[in-house]
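Reading the structure
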Amino acid sequence: MNEANENSQGHGGATDEDLVKKLQAFRKRWEIAWNFYLDVENEIEKRWRDQLGAVSDNAEDLGSELRQQLSDMDIMYHQLLRQGRFIQVCSLMEYTLRLISRFLVSDYEKRMPGGRGNWRKHLELLRETVDIELCEDDISIFQDLWTLRNCVTHVD
């Protein structure tokens, strides 16, 4: 999403200065969340390698079957972790979009009772009610991410 038009007054009692502060706070939180994600990834990787090393060191027979099983576990383990984190990131983006909408749209509760509605409905609400410029490329990327998220989440 692009920044709000500098000459506009935000809806819901928000001024442009309030909006800029909120966006800066969101960006800082996003950076913290991303750094936390990287730290967790690195720590999990280290522990996983330590565990695989311990199994390999203690195994009497490291024939090709055991090595293949360990390799398969390693691949599956990483896939599951990445899928879970990807779903979390998409959910965080949708939640943040709801918060932005609630902050900027003065009649948010009337238009989105209980905050229900997917990310696309929230973007449409922002387009209709707030002088905010939304880049079609950003929307397209978000749609692609959401489609991928649904593929990961709804696999049989």
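Residues numbered from 1 in each chain as written. Predicted model: local features only at pLDDT ≥ 70, side-chain atom pairs only at ≥ 80, totals over all residues. Heavy atoms only, no water.

So, about the layout of surface pockets. There is about 330 Å³ of room inside the second largest pocket. Lining the second largest pocket are 14 residues, and of these Lys-22, Phe-26, Arg-29, Thr-96 and Leu-99 sit closest to its centre. Breaking the lining of the second largest pocket down by element, the ones donating at least two residues are α1 (16–58) and α2 (64–104). No other element matches the eight residues that α1 contributes to the lining of the second largest pocket. (1 Å grid on protein atoms, 1.4 Å probe; cavity = no way out; pocket = protein on both sides within 12 Å on 5 of 7 lines; lining within 4 Å. Points joined across faces, edges and corners; volume = space filled by probe spheres on them. Helix = DSSP H or I, 4+ residues; strand = E, 2+ residues; numbered from the N terminus.)

Among the surface-exposed residues, Leu-92, Tyr-95 and Leu-99 lie close enough to one another that they form a single nonpolar patch of about 250 Å² accessible area. Of note, Leu-99 is situated in helix α2. (Patch = residues over 30% accessible without salt bridge, like charges linked within 9 Å, V, L, I, M, F, W, Y side chains within 5 Å. Areas by Shrake-Rupley, 256 points an atom, 1.4 Å probe, with all protein chains shown as cover. Salt bridge = Lys/Arg side-chain N within 4 Å of Asp/Glu carboxyl O.)

On to helix α5 (residues 136–153). Compared with an ideal rise of 1.5 Å per residue, which puts 18 residues at 26 Å, α5 spans 25 Å between its outermost C-alpha atoms and is within 8% of the ideal. Three or more residues of α5 are buried, namely Ile-139, Phe-142, Trp-146 and Arg-149. For α5, the angular spread of buried residues about the axis comes to 80°, placing them on one side. (Expected span 1.5 Å × (residues − 1). Buried < 20%, exposed > 50% of the residue type's maximum accessible area, 1.4 Å probe, protein only. Arc of directions from axis to C-beta.)

Next up on the list: the side chain of Thr-129. As for its placement among the helices and strands, Thr-129 is situated in helix α4 (residues 119–129). Assessed through its relative accessible area of 14%, Thr-129 is described here as buried. Within polar-contact distance, the side chain of Thr-129 engages the backbone oxygen of Leu-125 at 2.7 Å. (Polar contact = N/O pair within 3.5 Å; in protein donor to acceptor, adjacent residues only side chain to side chain.)

The next point concerns the confidence of the model for the protein. A low pLDDT score tells you not to read the predicted coordinates there in detail. Overall, the prediction assigns the protein a mean pLDDT of 76, with 83% of residues at 70 or greater. At the low end of the mean pLDDT range in the protein sits α1, at 78; at the high end sits helix α3 (residues 108–111), at 88. Every residue in residues 1–11 is under pLDDT 50, and counting partners more than four places away or in other chains gives 32 contacts. (pLDDT = per-residue confidence, 0-100. Contact = heavy atoms within 4.5 Å.)

All right, on to the packing of α4 against α5 then. Where α4 meets α5, the closest approach of the two axes is 11 Å, and the angle between their N-to-C directions is 165°. The pairing of α4 with α5 is recorded here as roughly antiparallel in orientation. When you trace α4 past α5, the crossing you get is right-handed. Residue-level contacts link Trp-119, Arg-120, Leu-123 and Arg-127 of α4 to Glu-136, Ile-139, Phe-142, Gln-143 and Trp-146 of α5. Partitioning the contact of α4 with α5 into residue classes produces five nonpolar, one polar and three charged. (Axes fitted to C-alpha atoms, helices over the stretch in contact; angles between N-to-C directions. Parallel < 35°, antiparallel > 145°, perpendicular 65-115°, else oblique. Left-handed = near helix turned anticlockwise from the far one by under 90°. Nonpolar A, V, L, I, M, F, W, Y, C, P; charged D, E, K, R; others polar.)

Glancing now at the packing of aromatic side chains. Enumeration over the complete set of coordinates arrives at two aromatic pairs. Judged by centre distance (4.4 Å) and plane angle (70°), the rings of Trp-119 and Phe-142 are edge-to-face. Here Trp-119, found in helix α4, pairs with Phe-142, found in helix α5; they are 23 residues apart in sequence, far enough to count as distant. Given the relative accessible area of 12%, Phe-142 is considered buried. A ring pair is formed by Phe-142 and Trp-146, whose centres lie 6.3 Å apart and whose planes are at 55°; its orientation type is tilted. Here Trp-146 and Phe-142 lie together in helix α5, a separation of four residues that amounts to about one turn. (Phe/Tyr/Trp six-rings, centres within 6.5 Å; stacked < 30°, edge-to-face > 60°.)

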